[in-house]
Amino acid sequence: MDFGGESVLSSDLWNKAQAVFAGGVNSPVRAAVKPFPFYTRSAKGAYLVTEDSRRLIDFVLGYGPLILGHAHPKVIEAVKDQLERGWLYGTPSRAEVELASMITKHVPSAQKVRFVNSGTEATMTALRLSRGFTGRSKILKFDGNYHGAHDYVLIDAGSAASEFGVPFSQGIPTEVSSTVLVCPYNDLTCVETVLKREEIAGVIVEPVMGNMGVIPPEKDFLPGLRKLTREYGSVLIFDEVITGFRLGLGGAQSYFGVTPDLTTLGKIIGGGFPIGAVCGRKEIMDQLTPSGRVFNAGTFNANPISMTAGIATIQELEKKEVYTVSERAARVLAEEIDRAIKMDHVVNRVYNFFQFFLGVKDVRNANDARKAKRDLYVKVHESLLKEGVFIPPSQFEALFTSGAHDDDVVNESARVFKKVLEDLT
Ligand code: PMP
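Residues numbered from 1 in each chain as written. Predicted model: local features only at pLDDT ≥ 70, side-chain atom pairs only at ≥ 80, totals over all residues. Heavy atoms only, no water.

(A) Representation of the overall build of the protein. A count of helices and strands for the protein gives 15 helices and 14 strands. Computed over C-alpha atoms, the radius of gyration of the protein comes to 21 Å, within 12% of the 22 Å expected from 2.2 N^0.38 for 425 residues, which places it in the range of a compact globule. For the C-alpha atoms alone, the extent of the protein along its principal axes is close to 55 × 55 × 45 Å. In the protein, which comprises 425 residues, the proportion classed as buried is 58%. The contacts of the protein with a sequence gap of at least 6 include a subset with a gap of at least 24, amounting to 71%. Here the protein contributes 48 positively and 50 negatively charged side chains, and the mean placements of these two sets differ by 2 Å. (Helix = DSSP H or I, 4+ residues; strand = E, 2+ residues; numbered from the N terminus. Rg over C-alpha atoms; globule rule 2.2 N^0.38 Å. Buried < 20%, exposed > 50% of the residue type's maximum accessible area, 1.4 Å probe, protein only. Contact = heavy atoms within 4.5 Å. Lys, Arg positive; Asp, Glu negative; His and termini not counted. Charge placed at Lys NZ, Arg CZ, Asp CG, Glu CD.)

(B) Representation of the packing of aromatic side chains within the structure. Considering all chains together, one arrives at 10 aromatic pairs under this definition. When the centroid spacing of 4.9 Å and the interplanar angle of 80° are considered together, the rings of Phe38 and Phe390 count as edge-to-face. Residue Phe38 is located in the loop between helix H1 (10–20) and strand S1 (40–44), and its partner Phe390 is located in strand S13 (residues 389–390); the two are separated by 352 residues in the primary sequence. Accessibility classification places Phe38 together with Phe390 in one group, the buried group. Each member of the aromatic cluster is reached from another via a ring pair, and the members are Tyr255, Phe256, Tyr323 and Tyr351. For Arg131, the ring lying beneath its charged end belongs to Tyr152, and the centroid distance is 4.2 Å. (Phe/Tyr/Trp six-rings, centres within 6.5 Å; stacked < 30°, edge-to-face > 60°. Lys NZ or Arg CZ within 6 Å of the ring centre and 35° of its normal.)

(C) The arrangement of the domain arrangement of the protein in detail. Here the protein is described as being made up of domain 1 (10–71 + 320–422) and domain 2 (73–317). Computed from C-alpha coordinates alone, the two centres of domain 1 and domain 2 are separated by 24 Å. Contact residues are listed per partner, giving 36 residues for domain 1 and 38 residues for domain 2. Together, Tyr323, Arg364 and Phe396 form the three largest contributors to the area buried by domain 1 at its contact with domain 2, with a combined 19%. The salt bridge involving Glu163 is made with Arg374; its shortest N-O contact spans 3.4 Å. Counting the contacts that link domain 1 with domain 2 gives 15 residue pairs in polar contact (both at pLDDT 80 or more). (Domains from an automatic or database assignment. Buried area = accessible area lost by both parts, 1.4 Å probe. Salt bridge = Lys/Arg side-chain N within 4 Å of Asp/Glu carboxyl O. Polar contact = N/O pair within 3.5 Å; in protein donor to acceptor, adjacent residues only side chain to side chain.)

(D) Local environment of H1. Among all positions of H1, only Ser10, Trp14 and Ala17 are buried. Projected down its long axis, H1 carries its buried residues within an arc of 65°, all on one side. Away from its buried face, by an angle of more than 90 degrees, H1 presents the exposed residues Lys16, Ala19 and Val20. (Arc of directions from axis to C-beta.)

(E) Focus on the sheet that holds strand S9 (residues 262–266). Spatially, S4-S10-S9-S8-S7-S5-S6 is the arrangement adopted by the 7 strands of the open sheet, whose pairing is mixed. Two strands bound the open sheet, and with one partner strand each, they are strand S4 (112–116) and strand S6 (180–183). Averaged over all neighbouring strand pairs, the angle between strand axes comes to 20°, with direction disregarded. Pairing of S4 with strand S10 (residues 276–280) involves 5 bridges; the strand directions are antiparallel. When the bridges of S10 are listed, Val113 appears paired with Cys279. (Pairing = 2+ DSSP bridges. Axes fitted to C-alpha atoms, helices over the stretch in contact; angles between N-to-C directions.)

(F) Structural context of unusual backbone geometry. A cis geometry characterises the amide bond from Lys34 onward to Pro35, with omega recorded as 0°. Within the secondary structure layout, Pro35 lies in the loop between H1 and S1. The residue after Thr289, namely Pro290, is reached through a cis peptide bond having omega 10°. Position of Pro290 among the secondary structure elements: in the loop between helix H10 (282–285) and helix H11 (304–317). With a phi angle near 65°, Asn186 is a residue other than glycine that sits in the positive phi range. As for its placement among the helices and strands, Asn186 is situated in the loop between S6 and helix H7 (188–197). Since its relative accessible area comes to 8%, Asn186 is described here as buried. The phi dihedral of Ala302 falls on the positive side, at around 55°, and the residue is not glycine.

(G) Geometry of the site of the ligand. In the vicinity of the ligand, the contacting residues are Ser118, Gly119, Thr120, Tyr146, His147, Gly148, Glu206, Asn211, Asp239, Val241, Ile242 and Lys267. Between Tyr146 and the ligand, the recorded distance is 3.4 Å, taken from a backbone N or O atom to a nitrogen atom. The contact in question runs from an oxygen atom of the ligand to an N or O atom on the side chain of Asn211, over 3.0 Å. Relative to its free-state accessible area of 390 Å², the ligand is covered by the protein chains to the extent of 82%. In terms of residue class, the shell around the ligand is made up of 3 nonpolar, 6 polar and 3 charged. (Near = heavy atom within 4 Å. Areas by Shrake-Rupley, 256 points an atom, 1.4 Å probe, with all protein chains shown as cover. Nonpolar A, V, L, I, M, F, W, Y, C, P; charged D, E, K, R; others polar.)

(H) The sheet that holds strand S11 (residues 345–350), seen in detail. Spatially, S11-S12-S14 is the arrangement adopted by the 3 strands of the open sheet, whose pairing is antiparallel. Every other strand in the sheet has two partners, leaving S11 and strand S14 (399–400) as the edge strands with one partner each. Two elements, strand S12 (residues 353–358) and S14, share 2 bridges in a ladder whose sense is antiparallel. By the bridge assignment, Phe354 is partnered in S14 with Leu399. Strands in contact with helix H12 (residues 321–340) are S11 and S12; relative to S11, the strand with the most contacts, it is inclined by about 175°.

Here is the structure:
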C-alpha cells in the first residue's frame, strides 16, 4: 500500500491537537482510543493506514457510512466528475432528484424527502415536523438511543454521550427537557402508559439500537409501537441513520416489515460525505417550508457532492453483492467471537453489524448494556489494535462490515479475535 509523503507521528499530532481542540478532538468518541488516538493518513477497502505507517483492518468504517469500504472506485469516479462541474450551486441540481427517487423507490415510508447535512439535523427536523403536524409539544424517546447532538435528544442518550458520562448534557433548558419523555427500549408497557397520559407529538426510536452496542428489537416491539402511535395519534419516527440502506435497500422498516410515518436517514446515503435526510408520508412532509410552515433550510442541503456519492453508493448496493459479503463477514466474525470468549457474554448481531458484551448474560436494553464489563471491552479493543484490528474504542458503538470485508479480511481478523479473546479472563 502506498503511504505517500512524509509521516508525522500520531503522538506529535496529538500533542498539538490538545492545545487547539477541547479534549484534543472534534467528536468525543475519537478521544476514547488510549493512550492517544492514532491519526489516519489514508484508507482503502477494509484498511486504514496510520501516520505511524501501520495498516489496520477497520470495523468502524467512519461509524457506519462506508458500506462499500474506503475509497471505492465508483464513488471516486462519480465525485471527481461532479467536482469538475462545480460542487455548490445554490440552485437545485439533477443529482438531488435522482437520489431522492432512489430513496422513495426503496424505503417504504418515503413518499417525499428533505435533504439536510447530518443525522443530527435530520432528527431535529423530524421532531419539529411531528410537533408542527400534530400541534402537540412533547416527544417520547428511548433510554440509550442516540439521535445526534441537538437539545431534544441529549437526554438519556447513548453513544459518546453515555461513554463520556453525560447522557443528559448540560446546557439544555429545562423548558426543553421537560417536553421529552423516556422509556426503556423494548418496553411497550411504558410506551402505552406515556401515550395514554401525555399528548405526545412524536415517538422517535432506533429500530435496531446501535448506540449502546447493538440491541435488536424484540419481536413485538416495532409492531407494538406502530399500533400504539396510531391509536394515540402520535407520529412514529424511525431513526434509520445507521440502519438505512445497511439492513438492505429498504432499511430496518423493510427488514422488520413495519412502516413508520417519518424516517431519518444519514451516513450511507451520502456515501461517506456529510448528509442527512428526513422522509415520510406526504401530508407530514408537506408541512415543511416552503409548502408548509415548519421551517427547515440549509446552505449545504442537497449539495451535489454528497448527492453524487450517495447515488454511486446506492447503485452499487442495488447489485446486492455488497449485502452478501458484508452479512457473511459479520456472521462469521460474530460466531468466531462467540466461540472464543469463555466468560459470560452476549454477542448481538443484526445482519451486517454487531457488538459483544462481556460479563453479562442478556442485553435487551440500555440498563443491561451498562452492566457489561466495559473496562474489559476497552482492554480487548487495545489488544486488537496492537494486532492490527480496529474496533470501536467504546462499548456503546457497533462493529460494521462492508463489501470490502472479503474472505481474506475475515480470515485474518478471525485469527486475531481468537488470539485476543481466548486469553481473556
Ligand atoms: N441517529 C443515529 C441512530 C445515529 O447513530 C447518529 C450518529 N451516530 C445520529 C443520529 C447523528 O448523526 P450525525 O452524527 O450525522 O449527526
